[in-house]
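Topology and contacts: notes
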Amino acid sequence: MNYNKQIIIALDFSTEKACLDFLKDIDPDRCRVKVGKELFTRCGPDLIRKISAEGYEIFLDLKFHDIPNTVAGALKAAADLGVWMVNVHASGGKAMLDASREALNFKEAPLLIAVTVLTSLGSEDLTEIGVSRNSQQQVQLLADLSVNSGLDGVVCSAQETDFLRSQCPIEFKLVTPGIRPKGDSVDDQKRVVTPRSALEQGSDFLVMGRPITQTNNPSVKLDSIIQDIES
Ligand code: C5P
């Protein structure tokens, strides 16, 4: 299998120093990185600019969900930071997804993906918020809505990759967390798959945090994961 920078390392650090110290060891030509709500809320756009200036392609994982005009403005602000990928909640509705697409409808805009159903929501949680479909049906419905609004992909669990790959256009990106190399600790993830099998099932990008960030030698670990994918 050909490795093409499909690994996105989740930079789940709480300080700028911890984040930048970690990145000293990581080659921006070998992976991409993800900045989420905690690091962004603590360190802000300045850190995004610094990481970007070092050559890393950044997935800004802020999961926007608001009225269409507000989300469109937030996405333009993210694009101004030069990030590679951004996301919104598909449950924000068709008008919000259309406004999102419209806001990022220019050459070299960041990839625009959607969250369908948070994997932390079980069937009881869905019932509580008035969703009567089961999780898979709801994921499919929101993925279809995202396809129809011209989004570039969705975040999905490894369990959803198979059926989404068979239902969605080939160019529609599937971005999958919950990835663990064979033998690694699963941490608090409930169901994990290996990098190789996630790619074989149709994932385009693998979000991986602790297996790489919490080892003594992150670049060696990254290399060994890439070797496994390529073998
Ligand atoms: O350390 P770990 O590999 O479990 O990190 C996974 C990353 O993917 C974290 O940043 C987490 O917030 C994110 N994520 C996830 N499951 C989802 C959506 C996002 O683990 N369903």
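The text that follows walks through the structure, step by step, so that each part is easy to find.

Calculation notes
- Numbers given to residues run from 1 along each chain, matching the order in which its sequence is written.
- Totals for whole chains, interfaces and linings use every residue, but because this is a predicted model, local features are given only for residues with pLDDT of at least 70 and side-chain atom pairs only at 80 or more, for both listing and counting.
- Side-chain descriptors were evaluated using all non-hydrogen atoms of the structure, hydrogens and water having been removed beforehand.
- Each helix is a run of H or I in the DSSP string that is no shorter than four residues. Each strand is a run of E no shorter than two, and both are numbered from the N terminus.
- How far a helix is expected to stretch is found by multiplying one less than its residue total by 1.5 Å.
- Working definition: with a 1.4 Å probe on protein chains only, accessible area under 20% of the residue-type maximum means buried, over 50% means exposed, and in between means partly exposed.
- In this analysis, two residues are considered to be in contact whenever any of their non-hydrogen atoms come within 4.5 Å of each other.
- The definition of a polar contact used here is a pair of N or O atoms within 3.5 Å, where within protein one atom must be able to donate a hydrogen and the other to accept one, and adjacent residues in sequence count solely through side-chain atom pairs.
- With axes taken as lines fitted to C-alpha atoms, and helix axes fitted only over the stretch in contact, angles between N-to-C directions fall between 0 and 180 degrees.
- Here is the rule for angles: anything less than 35 degrees is roughly parallel, anything more than 145 is roughly antiparallel, 65 through 115 is roughly perpendicular, and the remaining ranges are oblique.
- Crossings are assigned a handedness: left-handed for a near helix turned anticlockwise from the far helix by less than a right angle, right-handed for a clockwise turn.
- Polar here means any residue outside two lists: the nonpolar Ala, Val, Leu, Ile, Met, Phe, Trp, Tyr, Cys and Pro, and the charged Asp, Glu, Lys and Arg; Gly therefore counts as polar.
- Here the nonpolar core consists of buried residues drawn from Ala, Val, Leu, Ile, Met, Phe, Trp, Tyr and Cys, with membership extended through side-chain atoms lying within 4.5 Å.
- Paired strands, in this sense, are two strands between which DSSP finds at least two bridges.
- Handedness is read with the strands pointing away from the viewer; a crossover is right-handed when the path from the first strand over the helix to the second is clockwise.
- By convention in these notes, a residue is near a molecule or strand provided one of its non-hydrogen atoms lies within 4 Å of it.
- By definition, the arc is the one covered by directions from the helix axis to the C-beta atoms.

**Examining helix H6 (residues 135–148)**
Given a rise of 1.5 Å per residue, 14 residues ought to cover 20 Å, and the 20 Å separating the end C-alpha atoms of H6 matches this to within 8%. Residues Gln138, Val139, Gln140, Leu142, Ala143 and Ser146 constitute the buried set of H6. If you follow the buried residues of H6, they end up packed against helix H4 (94–103), strand E5 (111–115), strand E6 (153–155) and helix H7 (158–167). Of the residues that open H6, the one with a side-chain oxygen 3.1 Å from the backbone nitrogen of Gln136 is Asn134. A positive phi of about 80° marks Gly150, the residue just after H6.

**Quick notes on the packing of helix H3 (residues 68–80) against H4**
Two numbers describe how H3 lies on H4: the axes approach to 8 Å, and their chain directions differ by 30°. As judged from the angle between their axes, H3 and H4 are roughly parallel. Of the two elements, H3 crosses H4, and the hand of that crossing is right-handed. Contacts between H3 and H4 involve Pro68, Val71, Ala72, Leu75 and Lys76 on the former and, on the latter, Ala95, Met96, Ala99, Ser100 and Ala103. Broken down by class, the residue content of the contact of H3 with H4 amounts to 8 nonpolar, 1 polar and 1 charged.

**Some thoughts on the nonpolar core**
Ranked by internal contacts, the top residues of the largest apolar core, which has 63 residues, are Ile7, Leu11, Ile51 and Val88. For this core, the element with the highest residue contribution is helix H2 (residues 37–53), accounting for 6 residues. Counting 11 residues, the second largest nonpolar core, distinct from the first, contains Ile8, Trp84, Ile113 and Val155.

**What about the pairing of strand E1 (residues 7–10)?**
Burial along E1 is two-sided: Ile7 and Ile9 and Ile8 and Ala10, pointing in opposite directions, are all buried. Alignment of E1 against strand E8 (residues 205–208), held across 3 bridges, turns out to be parallel. When the bridges of E8 are listed, Ile9 appears paired with Met208. Crossover E1 to strand E2 (residues 32–35) through helix H1 (residues 16–23) is right-handed.

**Quick word on the site of the ligand**
What surrounds the ligand is the set Ala10, Asp12, Lys34, Thr119, Pro177, Arg180, Gln189, Val207, Met208, Gly209, Arg210 and Pro211. Arg180 places a polar side-chain atom, nitrogen or oxygen, 2.9 Å from an oxygen atom of the ligand. Here an oxygen atom of the ligand and a backbone polar atom of Gly209 are 2.8 Å apart. Secondary-structure elements contributing two or more residues to the shell around the ligand are E8 and helix H9 (210–213). Residue composition of the shell around the ligand, by class: 5 nonpolar, 3 polar and 4 charged.

**Here we look at the packing of H1 against H2**
At a minimum axis distance of 10 Å, the contact between H1 and H2 shows a crossing angle of 40°. As summarised for this structure, H1 and H2 are arranged oblique, according to the angle between their axes. By crossing handedness, the relation of H1 to H2 is classed as right-handed. Between H1 and H2, the contacting residues are Glu16, Cys19, Leu20 and Leu23 on the first element and Leu39, Cys43, Leu47, Lys50 and Ile51 on the second. Partitioning the contact of H1 with H2 into residue classes produces 7 nonpolar, no polar and 2 charged.

**Here's the deal with helix H10 (residues 218–230)**
Between its first and last C-alpha, H10 extends 18 Å over 13 residues, near the 18 Å set by a 1.5 Å rise per residue. Residues Pro218, Lys221, Leu222, Ile225, Ile226 and Ile229 constitute the buried set of H10. Projected down its long axis, H10 carries its buried residues within an arc of 135°, all on one side. Summarising the contacts, the buried residues of H10 are in contact with E1, H1, helix H8 (195–200), E8 and H9.

**Brief notes about the pairing of E2**
Side chains of E2 alternate between two faces, with Arg32 and Lys34 and Val33 and Val35 buried alike. Where E1 meets E2, 3 bridges bridge the pair, whose relative direction is parallel. Its bridge partner being in E2, Ala10 is matched across the sheet by Lys34. Each parallel crossover has a hand, and the one from E2 via H2 to strand E3 (residues 58–64) is right-handed.

**Quick look at the environment of Val147**
With respect to the helices and strands, Val147 occurs in helix H6. Expressed as a C-alpha distance, the spacing of Val147 and Pro169, which sit 22 residues apart in the sequence, is 8.0 Å. With residues near it in sequence (within four places) discarded, Val147 still touches Cys168, Pro169 and Phe172.

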